[in-house]
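Letter by letter, the chains look like this.
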Amino acid sequence: MQMKDAITMQTGGAAKAPFYLPQGDEVAVFEAAASHDLPVLLKGPTGCGKTRFVAHMAARLGRPLYTVACHDDLSAADLIGRYLLKGGETVWVDGPLTRAVREGAICYLDEVVEARKDVTVVLHPLTDDRRMLPLDRTGEEIAAAPGFMLVASYNPGYQNILKTLKPSTRQRFLAVEFDFPPQALEIDVVARESGLAPDRVQPLVRLAGKLRDMKGQDLEEGVSTRLIIYAASLIAGGMQVDRAIQAAMIEPLTDDADTKRGLLDLVTAVFG
Ligand SMILES: Nc1ncnc2c1ncn2[C@@H]1O[C@H](COP(=O)(O)OP(=O)(O)O)[C@@H](O)[C@H]1O
Ligand SMILES: [Mg+2]
């Protein structure tokens, strides 16, 4: 069950591409990677658009997408597949990675550093020119179908030495760095996602900029684009501005009362 919850599937072809506003040349880089069969690593803070970007690109390229939200319990078997008991018989059931390899889909490993160490091992033969997946349990060796692409994301901001990719793994990927978009672009994204008018989104984005400047001092992570969208959606739905900001842009960032007071001072500075 847990395995299912962590996996989503988006069909290729007909799916209308979800809205994505590019920050730079990431669309062109991803398209080039796709046409050269190269795996891609997306680096950047939480909630800055990495997952949305992959969903957008998969639809654009007309390829099915398997997204796996990695967590510390996720093992190689969760990706590859396992024997399951079905009506008294044991049958092999492909995991999302195996399905993507067979179908020529994109497999997206979200927050890949969270996964167990054995996961990276199965990625190696898929990320060099062998492009194959050995299924030790069934003895099968699957050559990746045309269109198969491996994409992974991680957040280099977490200063956790145990949770970073080994050079032997990361040097198999092209890498694209993501960050929160510049103000004008972020206003555009938040307005479109929330339905709140751009002139009302503008101070929220300005506040976010100030909150992000606190990163490293009092805050481990600055406020994400996702959280600004939450605040804007609450306001668009009729909630008082200060209440929405508190719920979406202050409380999620810290539990510390002093830090919170400092953040609320920034709100006053921006909103008066
Ligand atoms: N450039 C962008 N274009 C469109 N939507 C964006 C963009 N950046 C962020 N978003 C919005 O922010 C939300 C969070 O982004 P997401 O892709 O889930 O972040 P990440 O995967 O980096 O943690 C998305 O659901 C989307 O609404
Ligand atoms: Mg994500």
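Residues numbered from 1 in each chain as written. Chains lettered and ligands numbered in written order. Predicted model: local features only at pLDDT ≥ 70, side-chain atom pairs only at ≥ 80, totals over all residues.

### Some words on the overall build of the chain
The following threshold applies: Helix and strand definitions follow DSSP, with helices as H or I runs of at least four residues and strands as E runs of at least two, each counted in order from the N terminus. For this measure, only C-alpha atoms enter the radius of gyration; the expected value for a globule follows 2.2 Å times N^0.38, where N is the number of residues. Three classes are used. A residue is buried when 20 or more other C-beta atoms lie within 10 Å of its own, exposed when 12 or fewer do, and partly exposed in between, with C-beta atoms placed from the backbone.
The helix and strand tally for the chain stands at 12 helices and 10 strands. The globule rule puts the C-alpha radius of gyration for 272 residues at 19 Å, and the 21 Å found for the chain is close to it. Across its three principal directions, the C-alpha atoms of the chain cover 65 × 40 × 35 Å. Buried positions account for 36% of the 272 residues belonging to the chain.

### Some points on the UniProt feature "domain: CbbQ/NirQ/NorQ C-terminal" (unreviewed entry) in the chain
Note the following rule: UniProt positions are given in the numbering used here, feature names are shortened, and annotations may be inferred rather than shown by experiment.
Using the residue numbers shown here, the UniProt feature "domain: CbbQ/NirQ/NorQ C-terminal" (unreviewed entry) corresponds to residues 186-270. A helix fraction of 72% and a strand fraction of 0% characterise residues 186-270, whose end C-alpha atoms lie 17 Å from each other.

### Side note on the nonpolar core
This is how it is decided: What makes a nonpolar core is a set of buried Ala, Val, Leu, Ile, Met, Phe, Trp, Tyr and Cys residues, with links drawn between C-beta atoms within 7 Å. Placing C-beta atoms from the backbone, we regard two residues as in contact once those atoms come within 7 Å.
I106, C107, Y108 and V151 are the most contacted members of the largest nonpolar core, which totals 43 residues. Among the elements of the structure, β2 (40-43), α3 (50-61), β3 (65-69), α4 (76-80), α5 (96-103), β6 (106-110), α6 (118-123) and β9 (149-154) are those that each provide at least two residues to this core. The leading source of residues in this core is α3, at 6 residues. When sequence neighbours within four positions are dropped, the list of residues in contact with V151 reads P39, V40, L42, V54, I106 and Y108.

### Describing the environment of S153
Along the chain, the position of S153 falls in strand β9. Those residues in contact with S153, other than ones at most four positions away along the chain, are L42, K50, D110, E111 and V112.

### Quick word on the packing of helix α9 (residues 198-213) against helix α12 (residues 257-271)
Rules: In this analysis, axes come from line fits to C-alpha atoms, helices being fitted only over the stretch in contact, and the angle between any two N-to-C directions falls in the range 0 to 180 degrees. An angle counts as roughly parallel when it lies under 35 degrees, as roughly antiparallel when it exceeds 145, as roughly perpendicular when it falls between 65 and 115, and as oblique in every other case. By definition, any crossing whose near helix is turned counterclockwise from its far helix by less than a right angle is left-handed, and any crossing with a clockwise turn is right-handed.
Remark: α9 packs on α12, axes separated minimally by 10 Å, with the N-to-C direction vectors making an angle of 140 degrees. The angle between the axes of α9 and α12 places the two elements in the oblique class. Helix-helix and strand crossings are classified by hand; for α9 and α12 the assignment is right-handed. Residues P203, R206, L207, K210 and L211 of α9 form the contact with α12, whose participating residues are L263, L266, V267, V270 and F271.

### Digging into the site of ligand 1
To be explicit about the condition: Whether a residue is near a molecule or strand depends on its C-beta atom, generated from backbone atoms, being within 6 Å of that molecule or strand. Residues are grouped as follows: Ala, Val, Leu, Ile, Met, Phe, Trp, Tyr, Cys and Pro are nonpolar; Asp, Glu, Lys and Arg are charged; all remaining types, including Gly, are polar. The split into domains, and so the bounds of each, comes from an automatic or database assignment of domains.
What surrounds ligand 1 is a group of 17 residues, the closest being G49, K50, T51, R52 and R226. When grouped by side-chain class, the residues that make up the shell around ligand 1 number 7 nonpolar, 6 polar and 4 charged. Built from parts of two domains, the shell around ligand 1 gets at least three residues from each of domain 1 (7-177) and domain 2 (183-271).

### Considerations on unusual backbone geometry
Of note, the phi angle at E111 is positive, near 55 degrees, even though the residue is not glycine. Here E111 lies in the loop between β6 and α6. Non-glycine residue R131 carries a positive phi angle of around 45 degrees.

### A short note on the domain arrangement of the chain
Per the domain assignment, the segments of the chain are domain 1 (7-177) and domain 2 (183-271). Taken together, the 9 residues of domain 1 in the interface contact 9 residues of domain 2. Partitioning the side of domain 1 that touches domain 2 into residue classes produces 4 nonpolar, 5 polar and no charged.

### Overview of α9
Cut-off, in case you're wondering: An expected span of 1.5 Å times one less than the residue number is assigned to each helix. By arc we mean the arc of the directions from the helix axis to the C-beta atoms, nothing more.
Under the 1.5 Å per step criterion, the end-to-end length of α9 is 22 Å for 16 residues, consistent within 8% with the ideal 22 Å. Of the residues making up α9, those classed as buried are V201, L204, V205, L207, A208 and L211. Across the axial projection of α9, the buried residues extend over an arc of 160 degrees, all falling on one side. Away from the buried face of α9 by more than 90 degrees, exposed residues D199 and D213 are located.

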